[in-house]
Amino acid sequence: GAVVSQHPSRVICKSGTSVKIECRSLDFQATTMFWYRQFPKQSLMLMATSNEGSKATYEQGVEKDKFLINHASLTLSTLTVTSAHPEDSSFYICSARDSTSGFSYNEQFFGPGTRLTVL
Amino acid sequence: GQNIDQPTEMTATEGAIVQINCTYQTSGFNGLFWYQQHAGEAPTFLSYNVLDGLEEKGRFSSFLSRSKGYSYLLLKELQMKDSASYLCAVRGVGNTPLVFGKGTRLSVIA
């Protein structure tokens, strides 16, 4: 199956700093990538949909100026958490869809996630 | 909008069979997925249903009834390593993302 990588896997930062998380599709092109956030013992909540070469579409309640998303190429999307605060501590997971694949159900492939802890 | 419901927690015995139910209400439907997620890890794909009926894959099977907005995941011959969260997710029409239920935490006990 297709592989999606995320970097870093874990990050600890001080309150007020910015953190960038990278999501890469390693063996396929992803015109669309999705960013999810997951709090402990809760499900994945969609934050935004990232389309290559255009602005991301944010879900209601997600601050676009706080969570900057850039999808500059068909294999890379980045999420930058600006001026992070302790309440931003969470598990961030990206997902990519291979829109050109032969998969009949156009599966979403998930990255391994990034654990962000803001002190 | 979309609403996906599944039980919060379940407990089952090693070697037994367990069925995890999922009901959904969506404005558009283009398939239902089941994922397994261990704590601190990303979800891993288990199954996909878009037509009514049962899909079997080894110890795992998934069933879908579109008219009832209902699916279940059946796990046979449970093993301790099956202790995890099981997420039901629905995909709408077009290039829309998966929407996840809250997940069912399954504990397999000896």
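As the structure is a computational prediction, the values presented were derived from the model and not from experiment.

What about the side chain of Ser85 of chain B?
All names here are of chain B. Note on placement: Ser85 falls in strand S9 (residues 84–91). Taking relative accessible area as the criterion, Ser85 reaches 17% and is therefore assigned buried. The residues touching Ser85, leaving out its near neighbours within four places in the chain, are Tyr35, Gln36, Gln37, Thr104 and Arg105.

Here's the deal with the packing of aromatic side chains
Applying the stated criterion across every chain yields a total of 15 aromatic pairs over all chains. When the centroid spacing of 6.3 Å and the interplanar angle of 25° are considered together, the rings of Phe33 of chain B and Tyr35 of chain B count as stacked. Using a relative accessible area of 1% as the deciding quantity, one classes Tyr35 of chain B as buried. Here Phe33 of chain B and Tyr48 of chain B contribute two aromatic rings whose centre-to-centre distance is 4.8 Å and whose plane-to-plane angle is 50°, an arrangement assigned as tilted. Of this pair, Phe33 of chain B sits in strand S4 (residues 32–37) while Tyr48 of chain B sits in strand S5 (residues 44–49), and the two are 15 residues apart along the sequence. Overall, Tyr48 of chain B belongs to the buried group, its relative accessible area being 15%. A network of ring pairs unites the aromatic residues Tyr36 and Phe110 of chain A together with Phe33, Tyr35, Phe45, Tyr48 and Phe100 of chain B as a single cluster.

Here we look at the interface of chain B and chain A
At the junction of the two partners, chain B supplies 20 residues and chain A supplies 23 residues. Both faces considered, chain B and chain A share a buried interface measuring about 1,600 Å² in area, 56% of it formed by carbon and sulfur atoms. At the boundary of chain B and chain A, one finds zero salt bridges. Counting the contacts that link chain B with chain A gives five residue pairs in polar contact (both at pLDDT 80 or more). Contributing elements (two or more residues each) for the side of chain B that touches chain A: S4, S5, S9 and strand S10 (98–100) of chain B. Top element by residues in the side of chain B that touches chain A is S4 of chain B. It accounts for three residues. Looking at side-chain class alone, the side of chain B that touches chain A contains ten nonpolar, six polar and four charged residues.

Side note on the pairing of strand S6 (residues 53–57) of chain B
Residue and element names in this part refer to chain B. In the sheet, S6 pairs with strand S7 (residues 60–65) via five bridges, with the strands oriented antiparallel. Paired with Glu55 across the strands is Ser62, a residue of S7. Hairpin connection from S6 to S7: two residues lie between these consecutive antiparallel strands, with Gly58 at a positive phi of about 65°.

Things to note about the environment of Pro8 of chain A
Residue and element names in this part refer to chain A. Note on placement: Pro8 falls in the loop between strand S1 (4–7) and strand S2 (10–13). Its relative accessible area of 17% is what places Pro8 among the buried residues. Distance in space between the C-alpha atoms of Pro8 and Asn51 is 22 Å, their sequence separation being 43 residues. In this structure Pro8 touches Lys20, Ile21, Gly113 and Thr114, once residues within four positions along its chain are discounted.

A closer look at the nonpolar core
In a soluble, globular protein the nonpolar side chains are often hidden away together inside. Counting residues in hydrophobic clusters, the biggest one holds 25 residues, and the most contacted among them are Val4, Trp35, Phe67, Leu79, Tyr92 and Leu116 of chain A. Every element with two or more residues in this core is listed here: S2, strand S3 (19–25), strand S4 (32–38), strand S5 (45–51), strand S7 (67–73), strand S8 (76–81), strand S9 (90–97) and strand S11 (114–118) of chain A. Counting 20 residues, the second largest nonpolar core, distinct from the first, contains Ile20, Leu73, Leu75 and Val90 of chain B.

Topic: the state of the cysteines
Residue and element names in this part refer to chain A. Enumeration according to the criterion identifies two disulfides over all chains in this entry. What pairs with Cys23 in a disulfide is Cys94, and their sulfur atoms sit 2.0 Å apart. Between Cys23 and Cys94, the S-S torsion sits near 80°, and that sign places the bridge as right-handed. Here Cys94 lies in strand S9 and Cys23 lies in strand S3, a separation of 71 residues in the sequence.

With respect to unusual backbone geometry
The omega torsion across His7 of chain A and Pro8 of chain A is 0°, close enough to zero to call that bond cis. Phi angles above zero are rare outside glycine, and Ser83 of chain A is one such case at about 45°. Its location among the elements puts Ser83 of chain A in the loop between S8 and S9. Even without being a glycine, Glu77 of chain B presents a positive backbone phi close to 45°. Secondary-structure assignment places Glu77 of chain B in the loop between strand S8 (70–75) and S9.

Rules and cut-offs
Residues numbered from 1 in each chain as written. Chains lettered and ligands numbered in written order. Predicted model: local features only at pLDDT ≥ 70, side-chain atom pairs only at ≥ 80, totals over all residues. Heavy atoms only, no water. Helix = DSSP H or I, 4+ residues; strand = E, 2+ residues; numbered from the N terminus. Buried < 20%, exposed > 50% of the residue type's maximum accessible area, 1.4 Å probe, protein only. Contact = heavy atoms within 4.5 Å. Phe/Tyr/Trp six-rings, centres within 6.5 Å; stacked < 30°, edge-to-face > 60°. Buried area = accessible area lost by both parts, 1.4 Å probe. Salt bridge = Lys/Arg side-chain N within 4 Å of Asp/Glu carboxyl O. Polar contact = N/O pair within 3.5 Å; in protein donor to acceptor, adjacent residues only side chain to side chain. Nonpolar A, V, L, I, M, F, W, Y, C, P; charged D, E, K, R; others polar. Pairing = 2+ DSSP bridges. Core = buried A, V, L, I, M, F, W, Y, C linked by side-chain atoms within 4.5 Å. Disulfide = S-S within 2.5 Å.

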